Amino acid sequence: MPDDETKQKFLSKLDSALQRDLTKDAKAATQTIAKKATQYAPNLVKGAGAIAGVAGSGIKSLGLGAQALGGAAIGAGFKAGSVLMDTAMAAFPAMMLLLSAVFLYVTDWYMTGFNGISLVTTAPTVWGIGFWLPGFNWQAFLLDKAILSIIVIISIFSVRLRAGINNGPIILSYAALVYLIFFIFLLGGFNTGLFHIVFAVIYYAILIKPRSDTVTRANWVLFALIFFDFFGYGMVNQFLGGNFIIGQRLIFPIWFYTVLYYTWDSQKNWLTYTVLIAVILINIYALSLAAQVQMVPAEVRNITPEEKQVAIDYFVTAWQSFISRIKMLPEQMQKTYEQGLEDASGGYYGGQEEAATEEPLGIYLEKIQPASTKFYEQEPVIVWGNLRAKTYSDTPHKISLSCNTTGATTPDKMGNMNPPGSTVYTLEEVAFECRYEKGTIKPGTHTVNIMAEFDFQTEAYLKTYFMDIERMRALRQNNVDVLDNYGITDKTPTARFTRGPVAIGIGTNDQLPIGLGKDTPAQPRLGITLQNQWNGKIKDINELYVMVPIGMSLEQIEIERLTDQGETKTETAYCNGWFEKVPSPEPEFNMFKLTKEGIRKFELPIQTYKSIRCLLEIESDDVDIVLGNTPISTKYYKVITKYDYEFTQTVSVTVEKTETKTSLIGCDVVCSNDLGCLCPTNCVKTSTENGKTCDGLKPGESLADTVKFDEAKVTYMGSQYTKDQAIDVGANSQIDLTISDIKSDEISGTYKFYLDETVISAPNPIWTRSDVGVWIMSLYSFTVPNMPGTHVLRMDLIDRNGNVVSSKIKLATLDI
Amino acid sequence: MKKIIFLGIVLLMVLGCGDKKAGVDIPTITTKDLYQGTDGLALEFIPNSPPDQVYERGYAPVGLNLKNKGTFDIVDGYLSISLEKDYMNAQENSYKSMADLIQYMGDDHLLFDIKGKSIESGDGENDQVTFITNINELEEMSIVHSTAILATACYKYQTQLSDQICIDTDVFGTRTVQKPCKTESKTFSSQGAPVAITQVEMSMLPDVDNDLVRPQIIIQINNLGNGEVIEDQRTSISKACSAQAVEYKSWNKVIVNAVMGSNRIFDCDLAEGTGNSAEVVLKEKTAKVRCIYQEGIPFDEGTHSEPLFIQLDYGYTTSISKTIKINKLKG
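Residue positions are given per chain, counting from 1 as you read along its sequence in written order. Whichever chain is written first is A, and whichever ligand is written first is 1; the rest continue in order. Totals for whole chains, interfaces and linings use all residues, but because this is a predicted model, local features are given only for residues with pLDDT of at least 70 and pairs of side-chain atoms are given and counted only at 80 or more. Only hydrogens and water are set aside; all other atoms, that is, all heavy atoms of the structure, feed into the side-chain values.

In this text, helices come from DSSP runs of H or I with a minimum length of four residues, and strands from runs of E with a minimum of two, each type numbered from the N-terminal end. For chain B, the helix and strand inventory stands at three helices and 22 strands. Only protein chains enter the accessibility calculation, which uses a 1.4 Å probe; a residue is then buried when its area is under 20% of its type maximum, exposed when over 50%, and partly exposed in between. Residues counted as buried form 50% of the 331 residues belonging to chain B. In chain B, the share of contacts with a sequence separation of at least 24, taken over all contacts with a separation of at least 6, comes to 77%. Throughout, the Shrake-Rupley method with a 1.4 Å probe supplies accessible areas, and for residues the shown protein chains are the sole cover considered. When the accessible surface of chain B is split by element, carbon and sulfur atoms take 51% of a total near 16200 Å². Contacts are assigned to residue pairs that have any heavy atoms within 4.5 Å of one another.

Here it is as structure tokens:
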């Protein structure tokens, strides 16, 4: 046992070291403390029985740091440690601590394979459980416990003596720790779990104790963590089965979480935030998948390859799940939103058109088009179209047609629709005309809306199955798919609705068949959705009937109504009063008609969808009727609705101003009318636009400006020559001269040909011009004069007024 | 003389091995052939009856072929026809049985007696029942509708297994003489019935005090057919083909009886101890039952073979369906 002087010496040196290292890196502080402790620990071991037991037998093998910290902590009562640890915690980067936990995890995985101590195998002998079993070694058991007890007792005295601690709970907590660590040592837990003890002590010193209110609490936390680390995983697996994540060391590394918890508690920085969020997210999604991952019970002390694979699978699955959830987030949000809408609207019940390949039924507007590409203000605006009806109903459909215009600058105006309405039968086509008298629509572009309102009928039905509930339960208890058993392939029937502008969805219980019994009344639900399918709206519901199989009824309630006389009258109402019972045309059905109150529930007009939901009732006496006489009863719910539907088709029309154009008196007069001007007959143009003459010229422009001769070509004896080429011709020979590709805005005129300065021909007038401004050609034959030598063939272009537009244009060089 | 006798024996063996006429093999049905297969009653729609598509306000013939492919004669079997009566109804007086083995009982239920395979008749009996259905008018706006016709047959059936087992009273192998047979487990594929005995594990339980052994067999039973087993009670079987409640306990119940030798009856009801028959409940279509010959066989009977006969009694129900399309008559 060290004497007081030694003890004081140790503590003072410890304090000195602490003071020196308060502001330094905790690692250095730890090293310093380690050195001090190393120096004094042997004395402690040598002198003190209790700590000698721990340090000499157990902690001795923990290594230098562990000895130091353990010695310091246990031997010196952590007096200095608490100060040191706070400081160390403040200085020690969270990153280092987290990395150390990762390091521990990696050593378990790759090096030691440490997986705790199995209680199952140790229980009978070490823990004393199973003392009645044959071969139980009482002597060894008692000897172990005796030694342990002695060590613990000595430890307690040692602690009291060294640190002057006289607090029962603290002493007890120390004793428990010593007992546990030594017990682990006796069980051989240090063989592969040495690192765990070392790191446990480090974490205790750096994290747990500084962050705990009392030393006792810190000690018990350490005790719990070590106990769980060495025994807990196995116990979870043993007693709770292998499907618990916390029973999987590689999935739930206790020390990593411990470090994360304490670093998070003390250092809320980006790193701890990031790691914590990542761990939480991974675990949230992974926990939901826990059942999908086959766990391996940890009954062995070493991590098996299977457990590693489980851990890999776990994290891979968790990650994939996390990513998939992230990907599904928008969809989920959309669904949540839609679900909210559904809840608000009574749900959404789907359906399917019964024959997608057939020609659609309903009333259609086809071939809608304006009578002209543009209209002038002073003429009527007409839009034509055809109305086509196709229905299987013998009931005629009343259709009303109307049209209006919408424009940005003008108020909406109704047009005259002819015919304004029609009654159509099974298959008809009616032509209609929407007319706006002249001047009704102001110039500009307008949208003409053709609106058709018609009454139509849509029917829907939903197949469902009923079965005696006992039979159904019996089959299900025997793992028999009930519907399969009866050869039913349509196991999830969908409502089918007839074609038209409205879709009717019907929904009932998801799980079919619906079990019925006399003693087990069923209340299947029935949801109905009216959904607008076209580009219009359900304007009104005229009638809506629900037909349920005979023996069933919509849920009945007694309601009190106020009569016209002001009296209260009790009535039987169906489905919250939304329906009333009416005679059914089909004896196999009970029929209910939507009341006005029910119609209000649909909140007309319907542009998207609206739903209502009712419960169905089956009286005990009616169960047999519903079930019929066959093992499985196929029944239908039907919905028939008659409604007014309005839809619109649009077409754009352009109306222009109809002011008269100005008639110009000369070709060179500039037009100053926005609508343009009409030109005299001898001008280039028949009409011209504002700012131009009838010759197509802007003010100040001359015709010559528009004439381009650069591309002029001469064709002689079948060969084409440019104006710079010399052409050998004989005197008095006949030459056919063709001139083309002279561009001009001039429409017609005359020209003169020259050889040098001599006029050789002046045909009158022979040239015209195409609309696009290209003077096409002029064919001219002349006799080459007897003027031997080289001459330039030139041409004057003269407009229709005799003005020379372009003078002596070089056409070719003739060698005569 | 000996040579003549020897030749005679050889000739007898050679010629007696087959029934050959003019060099053509004539197949013969043996008991072994009979007790093959996992079918009981084979139920199927006659091709094109009903047709795949019909028109509203028309008619559709429906035909069902019933053939007993197993070995047990079905007596008072039930056949239930289930139609979606909103769309089609059977004409009551149109039910016809080709071989008069099926009788219409009314309300879309029929009763049938169809014999199974036998040495005498070879194949099991076969009958066809046909009827006409009226196709109802579709809803006003409806163009097409798919409707299903279901048929469910419920009948009592039986599985029989005959085989040889080896009774070895020398459990401890103390006798030095060569044993004529060996106690062993046997596996079987089928017995010409939907419920089959697939394995019989044989063992001898010694009772040294009384100088005897108690043969024990563990019988494995499997429902190899495509239907469900129901208890062998007329009411339960008829209920299975109706809408009436059939309670959980009635399903998957098989009665097992086993006899060895001439009159050595196994006690298969070891738990209840109320009789020799055992009621076994199939779970996941399979079950095992243990039977012991309680009286035991004296040691001095030595090792010998004895015939084993196991019989399973149960009800069986099977269903088929066909979906047809009803089209609207346009115009």
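Moving on: the overall build of chain A. Helices and strands together make up the secondary structure of chain A, namely 19 helices and 35 strands. Counting the 816 residues in chain A, one finds 50% classified as buried. Here chain A displays about 38600 Å² of accessible surface, and carbon together with sulfur accounts for 54% of that area.

With that out of the way, let us pick up the sheet that holds strand β12 (residues 502-507) of chain A. Residues and elements named next belong to chain A. A sheet is described by the order of its strands in space; here four strands give the open sequence β12-β14-β21-β16, paired in antiparallel fashion. Each end of this open sheet is capped by a strand with a single partner; those strands are β12 and β16 (552-554). Each neighbouring strand pair of the sheet contributes to a mean axis angle of 25 degrees, computed without reference to strand direction. As paired strands, strand β14 (residues 525-532) and strand β21 (residues 609-618) are joined by seven bridges and run antiparallel to one another. When the sheet's bridge partners are listed, Q531 is paired in β21 with Y609. Two strands make a pair as long as DSSP finds a minimum of two bridges between them. The angle between two axes is taken between their N-to-C directions and runs from 0 to 180 degrees, where each axis is a line fitted to C-alpha atoms and a helix contributes only its stretch in contact.

Here the focus is the interface of chain A and chain B. Contact with chain A, which involves 41 residues of that partner, is made by 39 residues of chain B. Each salt bridge in this description consists of a side-chain nitrogen of Lys or Arg and a carboxyl oxygen of Asp or Glu lying within 4 Å of one another. Applying the counting criterion to the chain A and chain B interface returns two salt bridges. Here A:K463 makes a salt bridge to B:E84, at a shortest N to O gap of 3.1 Å. Counted as a polar contact is a pair of N or O atoms within 3.5 Å, where, for protein atoms, one must be capable of donating a hydrogen and the other of accepting one, and residues adjacent in sequence contribute only when both atoms are in side chains. Inspection of the region where chain A meets chain B yields 13 residue pairs in polar contact (both at pLDDT 80 or more). Put simply, the parts of the chain that give the side of chain A that touches chain B at least two residues each are β10 (444-468), α15 (469-477) and β22 (633-656) of chain A. For the side of chain A that touches chain B, the leading source of residues is β10(A), giving six residues.

Residues and elements named next belong to chain B. Strand β15 (residues 212-223) sits mainly inside the fold: nine of its twelve residues count as buried. By the bridge criterion, twelve bridges tie strand β14 (residues 195-207) to β15 in an arrangement that is antiparallel. Note that in β15 the partner of V200 across the bridge is I219. Where β14 hands over to β15, the hairpin turn is made up of four residues, of which D211 adopts a positive phi near 55 degrees.

In this structure, the amide linkage connecting A:L512 to the following residue, A:P513, adopts the cis form with an omega of 0 degrees. A:P605 follows A:L604 through a cis peptide bond whose omega is -5 degrees. Within the secondary structure layout, A:P605 lies in the loop between α17 (596-601) and β21. Located in the positive-phi region is B:N48, a residue other than glycine, with phi close to 65 degrees. Within the element layout of this structure, B:N48 appears in the loop between β3 (41-45) and β4 (53-55). Phi angles above zero are rare outside glycine, and B:D76 is one such case at about 55 degrees. Inspection of the secondary structure assignment puts B:D76 in strand β6 (residues 74-82).

The tally for this structure, following the rule as stated, stands at 30 salt bridges over all chains. Among the salt bridges present, the one from A:D481 reaches A:K491, with a minimum N-O distance of 3.1 Å. Note that A:D481 is positioned in the loop between α15 and α16 (482-485) and A:K491 in the loop between α16 and β11 (495-497), a separation of ten residues in sequence. For A:K491, a relative accessible area of 29% puts it in the partly exposed group. Among the ionic pairs, B:D108 bridges to B:K85, the shortest N-O distance being 3.2 Å. On the criterion of sequence distance, the pair formed by B:D108 in the loop between β9 (102-106) and β10 (109-114) and B:K85 in the loop between β6 and β7 (88-90) is long-range, its members being 23 residues apart. Given a relative accessible area of 3%, B:D108 falls into the buried group. The network of salt bridges with shared partners includes A:E453, A:K537, A:K539 and A:E646.

Residues and elements named next belong to chain A. Tracing the backbone shows F230 in helix α11 (residues 215-240). Once the C-alpha coordinates of F230 and I117 are considered, the two residues, 113 residues apart in sequence, prove to be 5.5 Å apart. Every residue in contact with F230, bar those within four places of it in the chain, is listed here: F114, G116, I117, I184, G189, G193, H196 and I197.

Hydrogen bonding along the main chain pairs the strands of a sheet, whether they run parallel or antiparallel. All names here are of chain A. A sheet is described by the order of its strands in space; here four strands give the open sequence β2-β4-β9-β7, paired in antiparallel fashion. Looking at the sheet topology across the chains shown, the edges are occupied by β2 (362-370) and β7 (416-418). If you compare each strand with its neighbour and ignore which way they point, the axes differ by 25 degrees on average. Relative to strand β9 (residues 427-436), strand β4 (residues 381-390) runs antiparallel, the two being bridged by ten bridges. Paired with I382 across the two strands is R435, which belongs to β9.

Once that is clear, we can look at α15(A). Residues of α15(A) that are buried: A:I469, A:R471, A:M472, A:A474 and A:L475. Of the surrounding secondary structure, the elements contacted by the buried residues of α15(A) are β10, α16 and β13 (514-516) of chain A together with β16 (228-230) and α3 (234-240) of chain B. Backbone nitrogen of A:E470 and a side-chain oxygen of the N-cap are separated by 3.1 Å at the start of α15(A); the cap is A:D468.

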